[in-house]
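Per-entry structural report
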Amino acid sequence: MRVIFLDFDGVLNSTDYFEGMHTDLGPAWQDGEDKVLDGVAIERLNRIVERTGAKVVVSSAWRLGRTARRLQRLLAGRGFEGEVIGVTERIWLDTPDRSERERGEEIAEWLGRHPAVELFVILDDDSDMGHLRHRLVRTSHDHGLLDEHVEQAVAMLGEETAQQMADEAAKAARGGR
């Protein structure tokens, strides 16, 4: 299985997107939280999914207080055609201030519980990925997900052949066996 660990802010939205809307975060949220997601960036995400057969795990702060199912509906509302299969868990350090771990540690923990993952990529505008940084396609908060990032992600995940997609669908139909 191939997985995309997905951040939202700085990947699926950007300063450019908000400036193009002639709005700031406030009014966009009032129109519905899905309006904060850039449809062009979603189309780029769709291209990665289509070419690689990857599933999405949300690692964004948007996962907090939302289920994978709700995030799936939110993304689908903006045109996402892939599948959200989960979210990473927030992990707190055992320190007096209970600070959060780096996002890379949360991703590593998720991967440890899902050994079927063969390849993965992280789409994020932050670099707090620790030892997983080599799997990061780093976007910018100013511009979000661009065509060049699509190509980087596809190169890291590998393009899936029609036969591989058919085999994966058959496996899923048999309940993963």
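Scroll up to find the structure this text is about.
Cut-offs and rules
All chains use their own residue numbering, which begins from 1 and follows the written sequence. With the structure being a predicted model, the display of local features is reserved for residues of pLDDT at least 70 and the display and counting of side-chain atom pairs for 80 or more, all residues being used for whole-chain, interface and lining totals. Values reported for side chains reflect all heavy atoms of the structure, with hydrogen atoms and water molecules removed beforehand. By salt bridge we mean one thing: a side-chain nitrogen of Lys or Arg within 4 Å of a carboxyl oxygen of Asp or Glu. Under the scheme used here, helices are H or I runs from DSSP no shorter than 4 residues and strands are E runs no shorter than 2 residues, and both carry numbers assigned from the N terminus. Throughout, exposure labels follow a simple rule: accessible area from a 1.4 Å probe, protein chains only, divided by the maximum for the residue type, with under 20% read as buried, over 50% as exposed, and the rest as partly exposed. For two strands to pair, DSSP has to find at least two bridges joining them. Orientation is described by axes fitted as lines to C-alpha atoms, over the contacting stretch for helices, and by angles from 0 to 180 degrees between their N-to-C directions. Contact criterion: two residues are considered in contact whenever any of their non-hydrogen atoms come within 4.5 Å of each other. Within 6.5 Å between ring centres, the rings of Phe, Tyr and Trp (the latter by its six-membered ring) count as paired, and their orientation is classed by plane angle as stacked under 30 degrees, edge-to-face over 60, tilted in between. Under this definition, polar contacts are N or O atom pairs within 3.5 Å; protein pairs additionally need one hydrogen-donor-capable and one acceptor-capable atom, and for neighbouring residues in sequence, both atoms have to be side-chain atoms.

On inspection of all chains with the given rule, the structure shows 10 salt bridges. E151 is paired through a salt bridge with R51; the nearest N and O atoms lie 2.8 Å apart. One end of the pair, E151, is in helix α6 (residues 147-157); the other, R51, is in helix α3 (residues 39-52), with 100 residues separating them in the sequence. When its relative accessible area of 41% is taken as the criterion, E151 is described as partly exposed. Take R51: its relative accessible area is 22%, and that puts it in the partly exposed class. Its salt-bridge partner being R63, residue E106 comes within 2.9 Å of it at the nearest N-O pair. Here E106 is found in helix α5 (residues 103-112), whereas its partner R63 is found in the loop between β2 (55-58) and α4 (68-76), with 43 residues between them in sequence. Judged by relative accessible area, which is 2%, E106 ranks as buried. Of the residues examined, R63 reaches a relative accessible area of 5% and is grouped as buried. Each of D7, R103 and D124 takes part in salt bridges that share partners, so that together they form one network.

With parallel pairing, the 5 strands of this open sheet are ordered in space as β3-β2-β1-β4-β5. The open sheet has two free edges, formed respectively by β3 (84-87) and β5 (136-138), since each of these has just one partner strand. Within this sheet the neighbouring strands show an average axis-to-axis angle of 25°, counted without direction. Pairing of β2 with β3 involves 3 bridges; the strand directions are parallel. Directly across from V58, in β3, lies its bridge partner V87. The sheet strands contacting α3 are β1 (2-6) and β4 (119-124), and the helix crosses β1 at an angle near 165°. Packing against the sheet, α6 makes contact with β1, β4 and β5, and its axis sits at approximately 160° to β4.

A few words on the packing of aromatic side chains. Working definition: an aromatic ring pair is given by the centre-to-centre distance plus the angle between the planes. Tallied over the full model, the rule gives 4 aromatic pairs. Aromatic side chains F8 and W62 sit 4.9 Å apart centroid to centroid with 45° between the ring planes, which places their arrangement in the tilted category. Remark: W62 occurs in the loop between β2 and α4 and F8 occurs in the loop between β1 and α1 (15-21); sequence separation between them is 54 residues. Take F8 and W62: they sit in the same class, and that class is buried. The interplanar angle of 55° and the centroid separation of 5.6 Å between the aromatic rings of Y17 and F18 together place this pair among those described as tilted. F18 shares its class with Y17; the two are buried. Aromatic rings pair up to connect F5, W110 and F120 into one cluster.

Checked against the element boundaries, S14 lands in the loop between β1 and α1. Judged by its relative accessible area of 2%, S14 is buried. A polar atom in the side chain of S14 sits 3.1 Å from the backbone nitrogen of Y17. Here S14 is in contact with H141, D142, H143 and G144, once residues within four sequence places are set aside.

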